[in-house]
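A look at the structure
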Amino acid sequence: MNDEPIIDLHSDDYFMGEALREAMKAYRRGEVPVGAVLVRDGRVIARAFNQVELLKDATAHAEMLVLTQAQETVGDWRLDDCTLYVTKEPCPMCAGAIVHCRPRRVVYGVGDPKGGAAGGWINLLETDNLNHRCDVTRGVREAESLGIIQQFFREARAKSKERKRIEGLLDSEATGDN
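Here goes a summary of the coordinates provided. (Residues numbered from 1 in each chain as written. Predicted model: local features only at pLDDT ≥ 70, side-chain atom pairs only at ≥ 80, totals over all residues. Heavy atoms only, no water.)

**Examining the overall build of the protein**
When helices and strands are counted, the protein shows 5 helices and 5 strands. Written out in order from the N terminus, the α and β elements of the protein read α-β-β-α-α-β-α-β-β-α. C-alpha extents for the protein along the principal axes are approximately 80 × 30 × 30 Å. Long-range contacts, defined as pairs at least 24 residues apart, comprise 58% of the intrachain contacts of the protein with a sequence gap of at least 6. (Helix = DSSP H or I, 4+ residues; strand = E, 2+ residues; numbered from the N terminus. Contact = heavy atoms within 4.5 Å.)

**Observations concerning the environment of L79**
Within the secondary structure, L79 sits in the loop between α3 (62-74) and β3 (82-88). Ignoring sequence-local partners within four residues, the contact set of L79 consists of L38, L67, A70, Q71, V74, C101, R102, P103 and R104.

**Observations concerning the packing of aromatic side chains**
All chains considered together, the criterion is met by 4 aromatic pairs. Pairing Y14 with F15 gives two aromatic rings, centres 5.1 Å apart and planes at 75°, and the pair type is edge-to-face. Taking the relative accessible area as the measure of exposure, Y14 reaches 47% and is therefore partly exposed. Relative accessible area serves as the criterion here: at 8%, F15 is assigned to the buried category. (Phe/Tyr/Trp six-rings, centres within 6.5 Å; stacked < 30°, edge-to-face > 60°. Buried < 20%, exposed > 50% of the residue type's maximum accessible area, 1.4 Å probe, protein only.)

**Remarks on α3**
The terminal C-alpha atoms of α3, which comprises 13 residues, lie 18 Å apart, in line with the 18 Å expected from a rise of 1.5 Å per residue. G75 sits one or two residues past α3 and shows a positive phi near 80°. (Expected span 1.5 Å × (residues − 1).)

**Things to note about the pairing of strand β2 (residues 43-49)**
Direction of pairing for strand β1 (residues 35-40) relative to β2: antiparallel, over a ladder of 6 bridges. What sits directly across from R40, in β2, is R43. Between β1 and β2, which pair antiparallel and follow one another directly, the connecting turn spans 2 residues, one of which, D41, has a positive phi of 50°. (Pairing = 2+ DSSP bridges.)

**Here's the deal with the packing of α3 against helix α4 (residues 92-101)**
The contact between α3 and α4 brings their axes to 9 Å, and the two run at 20°. Taken together, the axes of α3 and α4 are roughly parallel relative to one another. Classified by chirality, the crossing of α4 by α3 is left-handed. Facing E63, M64, L67 and Q71 of α3, the residues of α4 in contact are M93, C94, A97, I98 and C101. When its residues are assigned to classes, the contact of α3 with α4 shows 7 nonpolar, 1 polar and 1 charged. (Axes fitted to C-alpha atoms, helices over the stretch in contact; angles between N-to-C directions. Parallel < 35°, antiparallel > 145°, perpendicular 65-115°, else oblique. Left-handed = near helix turned anticlockwise from the far one by under 90°. Nonpolar A, V, L, I, M, F, W, Y, C, P; charged D, E, K, R; others polar.)

Written out as structure tokens, the structure is:
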């Protein structure tokens, strides 16, 4: 008999949907829209979204917040029988924390070839050099995860362009160049 856990891709789809709900909370609050949920025994035990701007804390990534919340729920820093679902590939900071918390699996939506630490830029989650390896599943609901991030940055660029245009008008009024 095989003791390997069965990976249910329908569950991955469902739980990534929960992470996407968290990402939408970040989006509505003007945060980079990344959401995460931590699942144990088929149940969400923690959920979080990016709150860097809200908390004025560069470490307030969805993954960091969900790991802390899950540890409080479980009553232990070890999350070895859990699965982390996150809409975007974890950065090196988050990947380091994930390795230390030891979840069995990490499932993410969209990869990050420039800064991802689960195979995009580097791979901290599956390296033999660290004390723990996670099973990684990539690309679950990737199009949705990518779409929300692209929309967020498209809107942010448009707002920045409009702000610069208005500042330029105000500057020209102040100097009499109109």
